[in-house]
Amino acid sequence: MLLKEINPVIFKPYGVPLKNLDNYREYSCSTYEDDARVRSSLWHFEKEVVLEPVSGVGLLFVRTEDGIIQKFLLDQPVAVRPGVQFAVLPYECRLAYRLYYDSPKIITPTVNILTGQGFVPNIHVKTLYTVLYQEKDKQFQFHGEKHPFWELTYVNKGNMTCDVDGEPYQLRQGQMMFFAPHQFHQQKSDGKTPLSFLTLTFDGEMDKPELLTNRALFCDETSLNLIRSMIREEKESQLYGDDMIACQLTQLIITTMRNLLSNAVMTKIPTRLKVTVDNKYVGECIDLIHSSINSPITLPGLAKQLNLSPSYLSSLFKQKVGRSISEYVRLVRLEKVKEMIGEGKYTIAQISDIMGYCSPTYLSTEFRREYDMSPKEYAKMLE
């Protein structure tokens with residue numbers, strides 16, 4: 001419950017801010033002065049009342065028609081409508097205010113305790129220990145461990161088997177799993193394909209932590225974008241990158257909690273790059289790119305197949321996907337290159353020819369630009 005400003009628009013359902021009190025001078029007036037930090041009841045009056053802050057900083061709590069409590073900064077005189085239930089508390093200091101009224105005060109107990117203290121998050125990451133993006137071969141096996149902090153694993157590519165306290169779980173591409181403190185967990189590849197995954201270990205405060213554990217979770221588009229951002233932050237090592245990852249991890253946990261509590265379907269994302277969009281033409285364009293990634297792909301060619309002008313398609317694609325068509329094609333093609341390297345069936349020269357690069361040297365340049373290693377270095381890492 002965050003603090004809101006009293007203004008004529010936001011506060012309209014409950015009352016109005018006042019510039020002068022001339023119309024209320026004949027009302028009865030009581031002065032309240034205290035430093036209480038909590039309240040367990042609300043007041044209301046049959047007629048309009050006025051609150052006038054005298055000294056200190058106050059908080060005005062009001063109950064909406066559907067029973068939700070809203071919190072406003074009481075820094076100016078305000079008229080409260082008849083029947084509106086409210087309470088006043090000081091905000092981290094002693095508060096004095098006047099109450100002008102022309103009808104009896106009615107007191108109603110509250111279920112929730114009202115407090116003048118600031119908001120304390122229910123969910124947040126306090127300490128981030130490791131952020132590690134790993135690419136392993138198809139024989140990967142991790143003997144297992146347990147530790148006194150949380151761990152998150154997200155599978156970016158391939159399939160992973162996790163054994164958690166003796167129970168097996170299958171993590172496919174686009175799925176993640178949280179391991180609670182002191183849960184013993186082992187991880188291994190399925191033995192068929194190389195494996196890429198992100199691992200984060202952390203401490204933090206969590207409401208209903210049991211919701212997260214002992215289940216494989218598909219990532220929705222919001223969660224996937226957060227994970228991509230964390231991978232990018234880890235890779236680029238920008239200023240305050242760890243702080244950004246901690247914020248994104250907190251947001252990921254909140255998003256996951258909301259999905260679980262609302263029984264939302266967490267759908268599978270087919271690849272790291274393929275995205276879900278709310279536009280028919282962009283969706284069809286993405287399908288065309290992925291289905292013909294081995295062939296030359298041009299903006300005019302795509303536009304002709306979709307019966308759109310090149311300029312319109314280019315603008316629409318950038319708006320919905322967040323990157324240009326040429327950049328998207330470049331990244332999808334490099335992902336396919338990584339896949340072919342992992343299969344171990346082709347030389348770099350053969351992959352360059354199959355994928356339509358002008359030379360193996362150019363392929364290596366593009367690969368290093370994106371992944372900070374050459375194709376040969378990547379292949380050796382998977383051995």
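Analysis parameters
- Residues numbered from 1 in each chain as written.
- Predicted model: local features only at pLDDT ≥ 70, side-chain atom pairs only at ≥ 80, totals over all residues.
- Heavy atoms only, no water.
- Helix = DSSP H or I, 4+ residues; strand = E, 2+ residues; numbered from the N terminus.
- Rg over C-alpha atoms; globule rule 2.2 N^0.38 Å.
- Contact = heavy atoms within 4.5 Å.
- Lys, Arg positive; Asp, Glu negative; His and termini not counted.
- Charge placed at Lys NZ, Arg CZ, Asp CG, Glu CD.
- Buried < 20%, exposed > 50% of the residue type's maximum accessible area, 1.4 Å probe, protein only.
- Pairing = 2+ DSSP bridges.
- Axes fitted to C-alpha atoms, helices over the stretch in contact; angles between N-to-C directions.
- Expected span 1.5 Å × (residues − 1).
- Arc of directions from axis to C-beta.
- Core = buried A, V, L, I, M, F, W, Y, C linked by side-chain atoms within 4.5 Å.

Colleague: A description of the overall build of the protein chain should follow, citing residues and the corresponding values.
Modeller: A count of helices and strands for the protein chain gives nine helices and 20 strands. Here the C-alpha atoms of the protein chain give a radius of gyration of 29 Å, more than 25% beyond the 21 Å that 2.2 N^0.38 yields for 383 residues. Summarising its shape, the C-alpha atoms of the protein chain cover approximately 90 × 55 × 35 Å along the three principal directions. Sequence-distant contacts, at least 24 apart, represent 77% of the contacts inside the protein chain between residues at least 6 apart. Where the 44 positive side-chain charges of the protein chain centre and where its 46 negative ones centre are 5 Å apart.

Colleague: Outline the side chain of Q134, listing residues and values.
Modeller: Turning to its location among the elements, Q134 is positioned in strand β12 (residues 124-136). Exposure remark for Q134: the relative accessible area of 17% places this residue in the buried category. With near-sequence residues (within four places) excluded, Q134 lies in contact with L195, S196, F197 and T199.

Colleague: Before we move on, can you summarise the sheet that holds strand β14 (residues 150-157) with the specific residues and values?
Modeller: Sheet strands pair via backbone hydrogen bonds, and the direction of the pair is either parallel or antiparallel. Spatially, β12-β19-β14-β17-β20 is the arrangement adopted by the five strands of the open sheet, whose pairing is antiparallel. Each edge of the open sheet is held by one strand with a lone partner, namely β12 and β20 (217-218). As judged from the two bridges shared by strand β17 (residues 175-179) and β20, these two strands associate in the antiparallel manner. Across the sheet, M176 pairs through a bridge with L217, a residue of β20. In the packing of helix α1 (residues 221-236) onto the sheet, contacts are made with β12, β14, β17 and β19 (195-205), and the angle to β19 comes to roughly 95°.

Colleague: Describe helix α8 (residues 360-371), listing the residues and the values that go with them.
Modeller: The end-to-end C-alpha distance of α8, which contains twelve residues, comes to 16 Å, matching closely the 16 Å that a straight helix rising 1.5 Å per residue would cover. Taken together, the buried positions of α8 are L363, E366, F367, E370 and Y371. Taken down its axis, α8 places every buried residue within 110° of arc, on the same side. Relative to its buried face, α8 has exposed residues pointing more than 90 degrees away, namely T361 and R369. D372 sits one or two positions beyond α8 and adopts a positive phi of about 60°.

Colleague: Quick rundown of helix α3 (residues 280-291)? Include the residues and the values.
Modeller: Across its twelve residues, α3 extends 17 Å between first and last C-alpha, which sits within 8% of the 16 Å expected from 1.5 Å per residue. Looking only at α3, the buried set comprises V282, C285, I286 and I289. Viewed end-on, α3 has its buried residues packed into an arc of 100°, placing them on one side of the element. Turned more than 90 degrees off the buried face of α3, the exposed positions are K280 and S291. In this structure, the buried residues of α3 make contact with α4 (299-306), α5 (310-321) and α6 (325-343).

Colleague: Hey, could you go over the nonpolar core for me, with residue numbers and the actual values?
Modeller: Counting residues in hydrophobic clusters, the biggest one holds 31 residues, and the most contacted among them are C285, I289, L313, F317, I325, V337 and F367. Every element with two or more residues in this core is listed here: α3, α4, α5, α6, α7 (348-354) and α8. If one sorts the elements of this core by residue count, α6 sits on top with eight residues. Beyond its immediate sequence surroundings of up to four residues, I289 is in contact with I297, L302, F317, I325, Y328 and V329. One finds V125, M206, L212 and L260 within the second-largest nonpolar core, a separate group that totals 29 residues.

Colleague: Got a sec to walk through the sheet that holds strand β13 (residues 141-145)? Specific residues and values, please.
Modeller: As summarised here, the arrangement of the four strands in space is β13-β18-β15-β16, forming an open sheet in which the pairing is antiparallel. Since the sheet does not close on itself, it has two edges, and those belong to β13 and β16 (167-171), each with one partner. Here the average twist between neighbouring strands, direction ignored, is 15°. Note that strand β15 (residues 160-164) and β16 share five bridges and pair antiparallel. Bridge pairing in β16 links D163 to P168.

Colleague: Before we move on, can you summarise the pairing of strand β18 (residues 185-189) with the specific residues and values?
Modeller: By the alternation rule, side chains of β18 split into H185, Q187 and S189, which are all buried, and Q186 and K188, of which none is buried. Of the pairings in the sheet, the one linking β13 to β18 comprises three bridges and is antiparallel in character. Within the sheet, the bridge partner assigned to F142 lies in β18 and is Q187. Pairing of β15 with β18, which is carried by five bridges, proceeds in the antiparallel orientation. Considered in β18, the bridge of C162 is made with Q187.

Colleague: Summarise the environment of S364; cite the residues concerned and give the values.
Modeller: If you trace the backbone, S364 turns up in helix α8. Along the backbone, S364 and P375 are eleven residues apart, and their C-alpha atoms lie at a distance of 6.0 Å.

Colleague: Hey, could you go over the environment of L195 for me, with residue numbers and the actual values?
Modeller: With respect to the element layout, L195 can be found in strand β19. Here L195 falls in the buried class, since its relative accessible area comes to 0%.

Interpretation note: all reported values are geometric properties and have no functional meaning in isolation.
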